[in-house]
Amino acid sequence: MRKVIQFFLIAIIIQVACSFFISGIWKMVSGSYEQTGEMLITISAVGSLVTIIVFLSLRMMPLTKCFLYHRPCSVSLWTLALAFGLLIPSMLLNDIIPEAWRKDYLSDVFNMILSNPWGYLQIGLLAPVAEEIVFRGAIQSAATEVFCKRENRYGHWKAIFLSAMLFAAAHGNPSQFFHAFLTGVLMGWIYWRGGSIIPCIIIHWVNNSTAFLLYYIMPETYDMTVAELFGQSHTLLTVVTAFSTLLFLYALNSLRKVWQETNNETPDKEK
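Residues numbered from 1 in each chain as written. Predicted model: local features only at pLDDT ≥ 70, side-chain atom pairs only at ≥ 80, totals over all residues. Heavy atoms only, no water.

Chemist: Got a minute to help me understand the packing of aromatic side chains in this structure?
Modeler: Here a ring pair, both rings aromatic, is described through the centre-centre distance and the interplanar angle of the planes. Summed over all chains, the structure comprises 11 aromatic pairs. Here the aromatic rings of Tyr120 and Phe212 are separated by 5.5 Å at their centres, their planes lie at 55°, and the arrangement is tilted. Separated by 92 residues along the polypeptide, Tyr120 in helix α6 (residues 119-150) and Phe212 in helix α9 (residues 198-217) bring together distant segments of the chain. For Phe212, a relative accessible area of 4% gives the class buried. (Phe/Tyr/Trp six-rings, centres within 6.5 Å; stacked < 30°, edge-to-face > 60°. Helix = DSSP H or I, 4+ residues; strand = E, 2+ residues; numbered from the N terminus. Buried < 20%, exposed > 50% of the residue type's maximum accessible area, 1.4 Å probe, protein only.)

Chemist: How do you make sense of the packing of helix α1 (residues 2-30) against α6 when you look at a structure like this?
Modeler: Following both chains from N to C, one finds α1 and α6 inclined at 160°, their axes separated by 8 Å at the closest point. Comparing the axis directions of α1 and α6 gives the class roughly antiparallel. Of the residues in α6, those touching α1 at Lys3, Val4, Phe7, Phe8 and Ala11 are Val134, Phe135, Ala138, Ile139, Ala142 and Ala143. (Axes fitted to C-alpha atoms, helices over the stretch in contact; angles between N-to-C directions. Parallel < 35°, antiparallel > 145°, perpendicular 65-115°, else oblique. Contact = heavy atoms within 4.5 Å.)

Chemist: Please clarify how the packing of helix α5 (residues 107-114) against α9 should be interpreted in this entry.
Modeler: In a pair of packed helices, the angle between the axes and the distance between the axes together describe the arrangement. Orientation of α5 relative to α9, taken along the N-to-C sense of each, is 80°, at an axis distance of 10 Å. In this view, α5 runs roughly perpendicular relative to α9, as classed from their interaxial angle. Here Asn111, Ile113 and Leu114 of α5 come into contact with α9, specifically with Phe212, Tyr215 and Tyr216. Here the contact of α5 with α9 is built from residues that sort into 5 nonpolar, 1 polar and no charged. (Nonpolar A, V, L, I, M, F, W, Y, C, P; charged D, E, K, R; others polar.)

Structure follows, in structure tokens:
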């Protein structure tokens, strides 16, 4: 369990160090102590880049060729379908959570980042890669190794829930916690089943890109519920929700079939 704690702390320390270092330089150069969207984007982007470099160069996550052995095109397409099908159901589940439990303490920060086109560099591109390397590739792998030594049957589930919990907590914002946790559990299972973080990055990318584009096009939707987003049209919401749920379940089952069919074709050293 030491590695799990170590990896989590390293990721946090990198973000904090980048924040202090870059904000200090930014303030000296600009002569202003006011936070701006450009400064926040730079801090986050550099933090993500440093995280990717550190975790990969120090081999903190296992590198395998599993993705290449499991029909990568089929897996990618079904993962995209699954990610888009997940959007509405996950938003509805998040809306069920009592409002008092999902306070948004970082709304000003997100507004500054999401309103800037350069914010997509961090939100849509760098964050999905960096966070999946840390929480699925490094933390979940280390936790799985520990828990599966103790009990072979359910050890991987304990690792999945632990990585999802840390993933949600790392966002530091109650409004994101439940959505991040549930999505983290799904991505954790996909990583365990498929042996690659690439499908997880795809899901993460679709989720973050949708949030960014939706805000950039219609900023007023930032704190809307799904019902408000559909203009109180219950019929349309029901149809879209049913379609999205069926798409998600069908894509998930299709992914499972692809992994099952190609499992015997995967070299033993990559299983």
